[in-house]
Amino acid sequence: MPGRPVLAGILLAMAHATAVHADTQSEAIMAILAKADADYGEYLSGQCATCHHAQGKSNGIPSVLGLPDVYLVQTILEYKNARAERTNPTMVNIAKNLSDEEIGSLAKFLSTQKAE
Amino acid sequence: MYKLTRRRFASLIGASATGVAASSLAAPAVLSAAKSRLVVIGGGPAGATTARYVAKAAKDVAVTIIEPKHHFTTCFFSNLYLGGFRTLESITHGYSTLAAEYGINVVHDVAVDVDGAGKKVKLGRGGDLPYDRLVVTPGIDMRYDTIEGYSPEASTVMPHAWQAGTQTAVLKQQLEAMEDGGTFVMCPPPNPFRCPPGPYERVCMVAHYLKTNKPKSKIIVLDAKDKFSKQALFQEAWAQHYDGMIEWLPKEVTGGVKAVNTDSMEIMTDGETFKASVANVIPAQKAGVIAERAGLTADNGWCPIDPSSMRSKMNEDTFVVGDASVASAMPKSAFSANSQAKVAANAILADLTGSKKFPAKYRNTCWSLVATSDGVKVGADYAGGEEKIDVTSKFISKTGEAADLRAQTAEEANGWYEGITKDIFG
Ligand SMILES: Cc1cc2nc3c(=O)[nH]c(=O)nc-3n(C[C@H](O)[C@H](O)[C@H](O)COP(=O)(O)OP(=O)(O)OC[C@H]3O[C@@H](n4cnc5c(N)ncnc54)[C@H](O)[C@@H]3O)c2cc1C
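Along each chain, numbering runs from 1 in the same order as the chain's sequence is written. Chain A is the first chain written and ligand 1 is the first ligand written, with later ones labelled in order. Side-chain atom pairs in this predicted model are given and counted only at pLDDT of 80 or more, local residue features only at pLDDT of at least 70, and totals for whole chains, interfaces and linings cover all residues. Hydrogens and water are ignored here; the side-chain numbers use all heavy atoms of the structure.

Engineer: So, the overall build of chain A: which residues are in play, and what are the values?
Structural biologist: Each helix and strand counted, chain A has 5 helices and 0 strands in total. A helix here means a DSSP run of H or I that spans at least four residues, while a strand means a run of E at least two residues long, and both kinds are numbered starting from the N terminus. Sequence-ordered secondary structure for chain A, helices as α and strands as β, is α-α-α-α-α. Put simply, chain A has 116 residues, and 38% of those count as buried. The contact criterion used throughout is that any non-hydrogen atoms of two residues lie within 4.5 Å. Counted over contacts in chain A with a minimum sequence separation of 6, partners at least 24 positions apart contribute 70%. The protein chains shown are the only cover counted for residues, whose accessible areas, like all others here, come from Shrake-Rupley with a 1.4 Å probe. In the form shown here, chain A has an accessible surface area of approximately 6500 Å², with 61% of it arising from carbon and sulfur atoms. Buried residues are those whose accessible area, probed at 1.4 Å on protein chains only, stays under 20% of the maximum for their type, while exposed residues exceed 50% and partly exposed ones sit between those limits.

In structure tokens form, the structure reads like this:
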């Protein structure tokens, strides 16, 4: 185990790195959300409700209703790039076909929906 | 409830008449009727989803579903019932939410004819239902005449169980009554047919039941084809879980099933006769007969549609959704039907209310349970092309996947069942 000052130093460095990374990332996400059309999102979300329970029940497939729009955009982008844990072929295949405008529109609409 | 006086009634009519006059300046022609009418023939995945999405979006469209059944048993997951993983009740759904929460008028009757020029549907018990837009979703009918000796009566002895409910229950009872050491013979249909992986998932589920309860039994599959959906995955599962129990004979080996005899329980191919303890005969298929009566079918027995909207190519006031349509490259599945329904609903709403028509995007995923906690899947995304519905990208489970991934896939299928039935029936 590293001593306290060392650990604090590491944490600080990590926080800094994440902040820089998060900055560029959140700018990209904000740009995507700026293009959103909630009506288009509502239409597209019909194609999500086949799997993601319309009232937000989580059972084998997680709920996506009422999640923050920024989180939704980020998560869908992770599937699109099959990053980290986001390798489920079903979601990767779906995300691959979504444009930035569509991802933003979906996130905007889904974030306004209430889970049961 | 308050009473409508004659004067108040007159003023209501006056008010709505003015409203219509004002809005009709910009809106499509159908708006000139007070409340536009959508009639949907069939309350399966295709019909109920279309009705629900239109009713959900537009309170000023009167939506009617014509469906003879009071309860709808899903074909999807009916193989799991045969395998002992599900009860029939757990895959049976009612229409009360669609009526109560979405204001959909569910008429339990059969549509016997369609007057396309006069825009009305004739009901079995008499009377007509007028419409502004019609959605035809009768699913499939069997081509009994493609196998000599097979008929609706013969199907009570050799069930197809390809329309869920009584047929599925009959097949289950026959399996339960079968002796240990008996032979289960399945005859899968030629393309195109409802649920391409369905027969082979059923082989797995029947094998699971037999292995657990009647391990000396055998399964013979007399296919009308030389290859089938998810073949490598199914054949892997057959070898891994049910080694030696299943014999699959492609058409190139047998020439295909030519005739059946329900008295002797025999199934005849070109050169050979097979004797069955239980026979599951699934004949070639076509769109439900009402589609043909309505003049919506092509020579091949299925209904051509415009890939950008699911609008019938035979009648522009009519949409055909689900198994009855020619939606290739999409397979005939509940997932496809549910997906197409949303594209159709968007186009219908654009017609009736002037709302925005968005690009046609479709999706399908078919999970199959091959053994306890062992699921596989195949899926694709699609877009409406010029000539047909084109695949934009696809995926499939791999052979040799780890058990925990397969268990997760099986669990996902359960989540999907919850999701889609909610999306269909409300
Ligand atoms: C064994 C099996 C397993 C399957 N597994 C899956 C699966 O895992 N995943 C999947 O996505 N799909 C699966 N499917 C396919 C799926 O069940 C069908 O694709 C789906 O039901 C098609 O929906 P539909 O609405 O077009 O037709 P249907 O479900 O057949 O519904 C049509 C409805 O119309 C009604 N109707 C017919 N004629 C008339 C008339 N004249 N007047 C009024 N009503 C009428 C019928 O009563 C019926 O209720 C499976 C099918 C089978 C057989």
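Engineer: Can you explain the domain arrangement of chain B? Please cite residues and give values.
Structural biologist: Residues and elements named next belong to chain B. Start and end points for every domain follow an automatic or database-based domain assignment. Taken as a whole, chain B is organised into domain 1 (6-141 + 286-359) and domain 2 (156-284). Look at where the C-alpha atoms of domain 1 and domain 2 centre, and you get two points 34 Å apart. In this complex, domain 1 contributes 19 residues to the contact, which on the side of domain 2 involves 21 residues. Defined in terms of a 1.4 Å probe, buried area is the accessible area two parts forfeit on being brought together, summed over both. Summed over both partners, the interface of domain 1 with domain 2 comes to about 1800 Å²; 63% of that surface belongs to carbon and sulfur atoms. A carboxyl oxygen of Asp or Glu within 4 Å of a side-chain nitrogen of Lys or Arg is what we treat as a salt bridge. The salt bridge partner of D323 is R194, with a shortest N-O separation of 2.5 Å. For the purposes of these results, a polar contact is taken to be a pair of N or O atoms within 3.5 Å, where, inside protein, one atom must be able to donate a hydrogen and its partner to accept one; residues adjacent in sequence count only when each atom of the pair is a side-chain atom. Taken together, the connections running from domain 1 to domain 2 amount to 7 residue pairs in polar contact (both at pLDDT 80 or more). Elements with a minimum of two residues in the side of domain 1 that touches domain 2: α3 (78-83) and β10 (140-142).

Engineer: With reference to specific residues and values, describe the nonpolar core.
Structural biologist: Residues and elements named next belong to chain B. If you look at the biggest cluster of nonpolar residues, it comprises 140 residues, and the most contacted ones within it are W238 and W416. The two domains that each donate at least three residues to this core are domain 1 (6-141 + 286-359) and domain 2 (156-284). Residues in contact with W238, not counting those within four places in the same chain, are Y200, V203, C204, F228, D243, I246 and W248. Nonpolar cores were defined as sets of buried Ala, Val, Leu, Ile, Met, Phe, Trp, Tyr and Cys residues, with membership established by side-chain atoms within 4.5 Å. One finds C187, I220, I267 and A279 within the second-largest nonpolar core, a separate group that totals 17 residues.

Engineer: I'd like to hear about the sheet that holds strand β7 (residues 120-123) of chain B, residue by residue, with values.
Structural biologist: Residues and elements named next belong to chain B. At least two DSSP bridges between two strands are required for those strands to pair. Ordered in space as β6-β7-β8, the 3 strands form an open sheet in which the pairing is antiparallel. What marks the edges here is a single partner per strand, and that holds for β6 (111-115) and β8 (128-130). Geometrically, the sheet is characterised by an average inter-axis angle of 25° between neighbouring strands, direction not taken into account. Summarising the sheet, β6 and β7 pair through 4 bridges and their orientation is antiparallel. Orientation is described by lines fitted to C-alpha atoms, with helices fitted over the stretch in contact, and by angles between N-to-C directions that extend from 0 to 180 degrees.

Engineer: Any details on the interface of chain A and chain B? Residues and values, ideally.
Structural biologist: In this assembly, 25 residues from chain A lie in contact with 35 residues from chain B. Both faces considered, chain A and chain B share a buried interface measuring about 2500 Å² in area, 52% of it formed by carbon and sulfur atoms. Of all residues in chain A, Y43(A), Q47(A) and T50(A) bury the most surface against chain B, accounting for 28% of the area lost on that side. The interface formed by chain A and chain B holds 1 salt bridge in total. A salt bridge links K361(B) to E102(A); the shortest N-O distance between them is 2.9 Å. Applying the counting criterion to the chain A and chain B interface returns 17 residue pairs in polar contact (both at pLDDT 80 or more). The set of elements that each furnish at least two residues to the side of chain A that touches chain B consists of α2 (38-49) and α4 (89-96) of chain A. Per element, the largest residue contribution to the side of chain A that touches chain B is 7 residues, and it comes from α2(A). Partitioned by chemical class, the residues of the side of chain A that touches chain B number 9 nonpolar, 11 polar and 5 charged. In this classification, the charged set is Asp, Glu, Lys and Arg, the nonpolar set is Ala, Val, Leu, Ile, Met, Phe, Trp, Tyr, Cys and Pro, and all remaining amino acids, among them Gly, are polar.

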